[in-house]
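Descriptive analysis of the structure
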Amino acid sequence: MISIGNLTLEEKQRALAELRSIKEQFAARDWFPGTSGNLSVRASDIEEGRFQFAITASGKDKSIHTPEDFLFVNEHGKPTECTQLRPSAETLIHCEIYRMTGCGAIFHVHTVWNNVISELFWDQEAVPVEGVELIKAFNIWEEDARIAIPIVPNYADIPRIVPCITEKLDPRIPGILLRKHGIYAWGANTFEAKRHLEAFEFLFEYVYRMQALR
């Protein structure tokens, strides 16, 4: 990555190509019902708290590709170029996760499994998972490892969610659930963020089905 300032054309094209590929893959899995969900890729280094990232534009059909799918914003979620596009309504959540983790990509999807599991375990404020192989996707290698995936409230006023994420984010767990809303998963790059998201979705279904068998 290059330092913040004027991003090169190559850096912009790389970020947009990665987002386009991920968007297409996740749309094929029906992970964007309606116009839900958002994706972002950091396009600059983080220097003195400043950075830029590319993010999905608000209100777009993610099952198709258009020139208006993405835009670039700064660490405050403000567009860095002249545009009529609006960033995702949840851009401030991306800003906070980048600030706290230094990650390179963040993916947010709404699925039945992540919505149901967030409500099922809301009283505990975390989804407990124990001894499942896919925990290793998070680089947690202990035998019979135990993790707790944090759940935070979902408010219509997005800025109210941000301090909840600040408080509950677990550095060991590259994801956080919004109650009856969806999962945010992140990683050092798009490959890692995708791996983490896929692992979370598997674990949510596993935990729910195990609960149903009891």
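For the structure itself, consult the block above.
Residues numbered from 1 in each chain as written. Predicted model: local features only at pLDDT ≥ 70, side-chain atom pairs only at ≥ 80, totals over all residues. Heavy atoms only, no water.

Things to note about the pattern of salt bridges
When the charged atoms of two side chains lie near each other, side chains of opposite charge can form a pair. Taken as a whole and judged by the stated rule, the model has 13 salt bridges. A salt bridge links D69 to K23, with the nearest nitrogen and oxygen atoms 3.5 Å apart. Of the two residues, D69 is situated in the loop between β2 (52-56) and β3 (70-74) and K23 in helix α1 (residues 9-28); the sequence distance between them amounts to 46 residues. Both residues of the pair, D69 and K23, count as buried. (Salt bridge = Lys/Arg side-chain N within 4 Å of Asp/Glu carboxyl O. Helix = DSSP H or I, 4+ residues; strand = E, 2+ residues; numbered from the N terminus. Buried < 20%, exposed > 50% of the residue type's maximum accessible area, 1.4 Å probe, protein only.)

Concerning the packing of α1 against helix α5 (residues 190-213)
Following both chains from N to C, one finds α1 and α5 inclined at 20°, their axes separated by 11 Å at the closest point. Taken together, the axes of α1 and α5 are roughly parallel relative to one another. Considering the relative orientation of α1 and α5, their crossing is right-handed. Residue-level contacts link E18, I22, Q25 and F26 of α1 to T190, K194 and L197 of α5. Class assignment of the residues belonging to the contact of α1 with α5 gives a composition of 3 nonpolar, 2 polar and 2 charged. (Axes fitted to C-alpha atoms, helices over the stretch in contact; angles between N-to-C directions. Parallel < 35°, antiparallel > 145°, perpendicular 65-115°, else oblique. Left-handed = near helix turned anticlockwise from the far one by under 90°. Contact = heavy atoms within 4.5 Å. Nonpolar A, V, L, I, M, F, W, Y, C, P; charged D, E, K, R; others polar.)

Some details on the packing of helix α2 (residues 91-101) against helix α4 (residues 158-168)
Look at α2 against α4: their axes get within 9 Å of each other, and the N-to-C directions meet at 20°. With respect to each other, α2 and α4 are oriented roughly parallel. The two elements α2 and α4 meet at a crossing, and its hand is right-handed. Together, L92, I93, E96, I97, R99 and M100 of α2 and I158, P159, I161, V162, I165 and T166 of α4 make up the contact between the two elements. Residue classes in the contact of α2 with α4 are distributed as 9 nonpolar, 1 polar and 2 charged.

Examining the side chain of H196
Position of H196 relative to the elements: it lies in helix α5. When near neighbours in sequence (up to four residues on either side) are disregarded, H196 contacts A137, F138, P174, A185, W186 and G187.

So, the environment of T80
Inspection of the secondary structure puts T80 in the loop between β3 and α2. On the accessibility criterion, T80 (33% relative accessible area) is partly exposed. Each C-alpha atom, one on T80 and one on M100, is 21 Å from the other, the two residues being 20 residues apart in sequence. Those residues in contact with T80, other than ones at most four positions away along the chain, are Q52, F72, V73 and N74. In terms of polar contacts, T80 uses its side chain to reach the side chain of Q52, at 3.4 Å. (Polar contact = N/O pair within 3.5 Å; in protein donor to acceptor, adjacent residues only side chain to side chain.)

So, a nonpolar patch on the surface
Judged by side-chain polarity, V112, V116, L120 and Y208 come together as a nonpolar surface patch covering roughly 340 Å² of accessible area. Top contributing element to the nonpolar patch by residue count: helix α3 (residues 112-120), with 3 residues. With respect to the helices, strands and loops of the structure, V112 is situated in helix α3. Take V112: its relative accessible area is 63%, and that puts it in the exposed class. (Patch = residues over 30% accessible without salt bridge, like charges linked within 9 Å, V, L, I, M, F, W, Y side chains within 5 Å. Areas by Shrake-Rupley, 256 points an atom, 1.4 Å probe, with all protein chains shown as cover.)

A short note on the pairing of strand β6 (residues 146-152)
Buried residues dominate β6, accounting for 5 of its 7 residues. Taken together, the 5 bridges between strand β5 (residues 126-130) and β6 define a ladder with antiparallel strand orientation. Within β6, the position partnered with P128 by the bridge is A148. Looking at chain direction, β6 and strand β7 (residues 175-178) are connected through 2 bridges and run parallel. Bridge pairing in β7 places V152 opposite L178. (Pairing = 2+ DSSP bridges.)

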